[in-house]
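# Observations on the model geometry
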Amino acid sequence: MSVLVPFAEVGFAESWWIQIIKAVVIFLVGFTLVPLALMLDRKLMGRMQMRYGPNRVGPYGALQPMADIGKLLFKQQFRPRTSVGFLFAFAPVISMICAAATFAIIPFGGTVDIFGTEVGLYGIDVSIGILFAFAFSGLSVYGLMLGGWASGSKYSFLGAMRSAAQLISYELAMGFSILGIVITAGTLSLTGIVEAQSGMWYIVPQFVGFCIYIVSAFAETGRPPFDLSEAEAELVGGYSTEYGGGRFATYYAAEYFHMVIASAIAVTMFLGGWQLPFVDPPTWVDPIVVLVKTVLVICVFVWARTTFPRPRYDQLMALGWKILLPLATANVIVTAIIVVVTD
Amino acid sequence: MSALSDYRRREQSISYSAEPAGMGLEQELMTINMGPHHPSTHGVLRLILTLEGEIVRDIKPIIGYVHTGIEKTAEQKAYWKVIPVVERMDYLAYYFNSYAYCGAVEKLLEVEVPKRAQYLRVIHMELNRIMSHLVWLGTSCIDLGAIGVWWYCFREREAVLDLFEMSSGQRMHTRYFQVGGVIEDIPRGWAERVKRFTQTMRHRSEQYSALLDKNEIFLQRMRNTGTVDEETLLDLGVTGPLLRATGNPWDLRKAAPYCSYEDFRFKIPVGTTGDNYDRYRVRHAEIIESCEIIDQALDGLPEGPFITEDRKVALPPRHELATSMEALIHHFKLVTEGFRVPPGEVYFPIESPRGELGCFVRSDGSSKPARVHMRDPSFVNLQATAPASRDTYIADLVATLAMLDPVLGGVDR
């Protein structure tokens, strides 16, 4: 506990074919979670608003995301005359890549023994751990900003400016909110952080950090109430105003992907990852535990979406810079002092 | 002039030049076209905004996209056929539209409206006021990003529309008010359902308050935004909840009672500063006061005819047609030619959910009005957009526009 370990302890090496299989599986899991999150969002929101939500396609409307995606993919790829062709097409892909890349480091469990081969239930356990997630979350600004700028529309431009400012501002608060955990756990590795929570989940000692993280996560993922970059009341559709068809679907899916990842990281960092209190289930339960916890955090996102109005742009900036960032900094300092004193 | 050149002309008429922004850079203002199809312009209002970053420096509203020529159409129709036409102006206040018109014609005819008809009119108008305010609250909250409230408001609005359907057979544009009274007496069980509704409505409006009044984001968006002082509003002729939000208790129901409003005890909610929050609170309180009026009117609903006994104005009861020659002649005259109105002109103002709704009717003695003009409050109140939202953020402009509550059907007519 006394020394910060600069690299994660990778106790075993995985052969190349396991890496490839894992990459495919992680990708598939990710893209299965997106329609599920979409469905959960619509159904739960429907229930909160005294309606049923989609219930026509398939049993309980479960195939609605498939129908939506199918509809969008078969639409004509329209693009305004003023847009910048290559960037207009490429920007949604950036968003999607950034989201999918982050998903690779989410640990769904420790290492398991599958037919005599030791396999880690995560894409990669990079030594920089959570910094990897922040790097890609930082890159995803380009997806929104370039898309908004390349559309050649004034509303898109305003949306792009907003999203750039918003994402960069909240990146800081989000990073600082997690720093307390890194100090306490003494590692950047996500599996290491989860294992460090075997005694107590970090939501208890790092409750302030958790609150800051959740608020920033709303801004980072561009979900309501902090969806200012696509505030439909003011900017029609924000950065995605001119998008339609498959490109819009990509943006849309990337937004839900980001939400899933933000929830999964919250589970990993604050809610004990695959660990459960008082019980020690067999290893194969671990991914299920992580998924269930993730879905519960997604429910918080949906809940906030139905309840809260949207703050104004300057109010959002003020909240990020004047409240969350100082609070997160204070949290880091206090945590550091406590860690040093109790050590 | 084509639409595009019209836009360019207006764009160029905005007289802001590029300003130096320091470090040898020049700052440019952005002109952006908001509407006529934009999610938050409440219909087809079009605003040409000049933005400096996110701050609105100039607003040019353009109206006329749902101009339907209702006032002109009214001149081609017999008096009683005008009612369904004027109802379609402000499509959230159809009872008020038809009452303003019927009231004006009744004044010209000097016909006595039975007390029961007056009470029934009050009940329907107050239900309509609640309904209109519910639509306003729901759509405003969507503009602010709180989509949940919209569904809650429309749940209650549906209940009101069900009541309208029960009493008149239609959910919107009911044509329930006639010159001289109302078209039919209320059906059995209606009064009890209305009572139940007012009970629920009181409870539900408390729930709205619990959801919104303690919400920090909502308060930040509402407080001290879109403030306009009383003098400016009076200069512009703005009435209704917008004026009352500044503390001026001008309400025609109290100031110049009509339709037996003097019989009821109710309060006029007023604000203090005239910002968006006051506008919200005033309308919210008006919902409760309307419930009070409805309850009192139902409790004191007098017995008697629901339409005037004057056979020259109102249709005779159906059963009389089989027995009375007189009734048959009256019926024939009314449905073919309509009633004739003595020459003269009259202005009849009432308090609609949005302010003073006045109807001017000039008669030349024939069975068709020579001129019908409506002073629609949405049209006049829309003038407050620019003073309320100049030099504010674009998000505040949207919130202010929502709180002004214009109905474009009424603006364009």
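Everything numeric here is computed off the predicted structure, so don't read it as measured data. (Residues numbered from 1 in each chain as written. Chains lettered and ligands numbered in written order. Predicted model: local features only at pLDDT ≥ 70, side-chain atom pairs only at ≥ 80, totals over all residues. Heavy atoms only, no water.)

### Concerning the overall build of chain B
Counted only if it meets this: Numbering of helices and strands runs from the N terminus, with a helix taken as a DSSP run of H or I at least four residues long and a strand as a DSSP run of E at least two residues long. We compute the radius of gyration over the C-alpha atoms and compare it with the globule rule, which gives 2.2 Å times the number of residues raised to the power 0.38. Exposed residues in this analysis have more than 50% of their type's maximum accessible area, buried residues have under 20%, and partly exposed residues fall in between, with area computed by a 1.4 Å probe over protein chains only. Contacts were defined at the residue level, with two residues in contact if any of their heavy atoms lie within 4.5 Å.
On a plain count of helices and strands, chain B comes out with 17 helices and 10 strands. Relative to the compact-globule value of 22 Å for 413 residues, chain B shows a C-alpha radius of gyration of 23 Å, a close match. Taking the principal axes of its C-alpha atoms as reference, chain B extends roughly 95 × 50 × 35 Å. Looking at chain B residue by residue over its 413 residues, the buried ones come to 59%. Counting contacts in chain B only where the partners sit at least 6 residues apart, residues at least 24 apart contribute 69% of the total.

### Some points on the sheet that holds strand β9 (residues 355-363) of chain B
Residue and element names in this part refer to chain B. What counts here: What makes two strands pair is DSSP finding at least two bridges between them. Here, axes are lines fitted to C-alpha atoms. For helices the fit covers the stretch in contact, and angles between N-to-C directions go from 0 to 180 degrees.
Strand order in the open sheet made by the 3 strands is β8-β9-β10, with antiparallel pairing throughout. The open sheet is flanked by β8 (344-352) and β10 (371-375), the only strands paired with a single partner. With direction set aside, neighbouring strand axes in the sheet form an average angle of 15°. Where β9 meets β10, 5 bridges bridge the pair, whose relative direction is antiparallel. Of the residues in β10, the one forming a bridge with C359 is M374.

### Let's talk about the environment of A:G237
Residues and elements named next belong to chain A. Its location among the elements puts G237 in the loop between α8 (232-235) and α9 (245-270). Among the residues examined, G237 registers a relative accessible area of 14% and is labelled buried. As for G237 and P282, which are separated by 45 residues in sequence, their C-alpha atoms are 46 Å apart. Setting aside residues no more than four positions away along its own chain, G237 makes contact with S229 and E230.

### A closer look at unusual backbone geometry
With omega at 5°, the peptide bond leading from A:P224 into A:P225 counts as cis. With respect to the helices and strands, A:P225 occurs in the loop between α7 (207-221) and α8. Its identity is not glycine, yet B:S260 carries a phi of approximately 65°, on the positive side. Of note, the phi angle at B:D405 is positive, near 55°, even though the residue is not glycine. Residue position: B:D405 is located in the loop between α16 (394-404) and α17 (408-412).

### Some words on the pairing of strand β3 (residues 30-34) of chain B
Both faces of the sheet carry side chains from a regular strand, because those side chains alternate between them. Residues and elements named next belong to chain B. Of all 5 residues that make up β3, 4 are buried, and the element is covered over most of its length. Here β3 pairs with strand β4 (residues 46-52) via 5 bridges, running antiparallel. Looking at the pairing, M30 lines up with L51 of β4.

### Structural notes on the nonpolar core
Residue and element names in this part refer to chain B. Applicable threshold: The criterion is simple. A nonpolar core is a set of buried Ala, Val, Leu, Ile, Met, Phe, Trp, Tyr and Cys residues joined through side-chain atoms within 4.5 Å.
The biggest cluster of nonpolar side chains holds 89 residues, and the ones touching the most others in it are Y101, I123, M125, L127, L137, Y258 and F339. It is helix α5 (residues 115-144) that provides the largest number of residues to this core, a total of 14 residues. The contact partners of M125, leaving out residues within four places of it in the chain, are Y95, F96, Y99, F177, Y258, C259 and Y261.

### What to know about the UniProt feature "transmembrane region" (unreviewed entry) in chain A
Under the convention used in this document: UniProt positions are given in the numbering used here, feature names are shortened, and annotations may be inferred rather than shown by experiment.
Annotation from UniProt places "transmembrane region" (unreviewed entry) at residues 16-40, 84-106, 126-151, 172-194, 200-219, 256-276, 288-304 and 316-341 of chain A. Across residues 288-304 of chain A, helical content stands at 100% and strand content at 0%; the span's end C-alpha atoms are separated by 25 Å.

### Considering the UniProt feature "domain: NADH-quinone oxidoreductase subunit D" (unreviewed entry) in chain B
The UniProt record marks residues 143-413 of chain B with the feature "domain: NADH-quinone oxidoreductase subunit D" (unreviewed entry), using the residue numbering of this structure. When the span residues 143-413 of chain B is considered, its composition is 48% helix and 10% strand, and the gap between its end C-alpha atoms is 24 Å.

### Topic: the interface of chain B and chain A
So the rule is basically this: For any pair of parts, buried area is found by adding up, for both, the accessible area (1.4 Å probe) each one loses once the two are put together. In what follows, salt bridge is the name for a side-chain nitrogen of Lys or Arg lying within 4 Å of a carboxyl oxygen of Asp or Glu.
Opposite the 35 residues of chain B that make contact, chain A presents 25 residues. Here chain B meets chain A over a buried area of about 2,700 Å², counting both sides, of which 62% is carbon and sulfur. Ranking the residues of chain B by area buried against chain A places B:E54, B:W151 and B:I217 at the top, with a combined share of 20%. Across the chain B-chain A interface, the total number found is 2 salt bridges. The partner of B:D396 in a salt bridge is A:R312, with the nearest N and O atoms 2.7 Å apart.

### Thoughts on the pattern of salt bridges
Residue and element names in this part refer to chain B. Scanning the model with the defined rule gives 37 salt bridges over all chains in all. We note a salt bridge from E71 to R413, for which the minimum N-O separation is 2.8 Å. Highlighted residues: E71 in helix α2 (residues 70-75) and R413 in the segment after α17, separated in sequence by 342 residues. For E71, a relative accessible area of 14% translates into the label buried. Its relative accessible area of 11% is what places R413 among the buried residues.

### Things to note about the pairing of β8(B)
Residues and elements named next belong to chain B. Strand direction decides the pairing type here: β8 and β9, joined by 9 bridges, are antiparallel. Counterpart to F348 in the pairing with β9 is C359. Hairpin connection of β8 to β9: 2 residues between the antiparallel strands.

### What to know about the packing of helix α12 (residues 276-299) of chain B against α16(B)
All names here are of chain B. Short version of the rule: Geometric relationships in this document are graded by angle, where less than 35 degrees denotes roughly parallel, more than 145 denotes roughly antiparallel, 65 to 115 denotes roughly perpendicular, and other angles denote oblique. Each crossing is labelled by how the near helix is turned from the far one, with a counterclockwise turn of less than a right angle marking it left-handed and a clockwise turn marking it right-handed. Note that Gly is not counted as nonpolar here; it falls among the polar residues with everything else outside the nonpolar set of Ala, Val, Leu, Ile, Met, Phe, Trp, Tyr, Cys and Pro and the charged set of Asp, Glu, Lys and Arg.
α16 packs onto α12 with a crossing angle of 30° between their chain directions and a minimal axis gap of 10 Å. With respect to their mutual orientation, α12 and α16 come out roughly parallel. The hand of the α12/α16 crossing is left-handed. Listed contacts from α16 to N276, R279, Y280 and R283 of α12 are A399, T400, M403 and L404. A breakdown of the residues in the contact of α12 with α16 according to their chemical character gives 4 nonpolar, 2 polar and 2 charged.

### What to know about the environment of B:F164
All names here are of chain B. Tracing the chain through its elements places F164 in helix α6 (residues 147-168). Accessibility expressed as a relative area gives 0% for F164, which makes it buried. Expressed as a C-alpha distance, the spacing of F164 and E326, which sit 162 residues apart in the sequence, is 33 Å. Residues in contact with F164, not counting those within four places in the same chain, are Y94, Y95, H124, L127, N128, G169, Q170, R171 and T174.

### Remarks on the UniProt feature "transmembrane region" (unreviewed entry) in chain B
The feature "transmembrane region" (unreviewed entry), as annotated in UniProt, sits at residues 134-152 of chain B in this numbering. Taken as a whole, residues 134-152 of chain B contains 89% helix and 0% strand, while its terminal C-alpha atoms sit 9 Å from one another.

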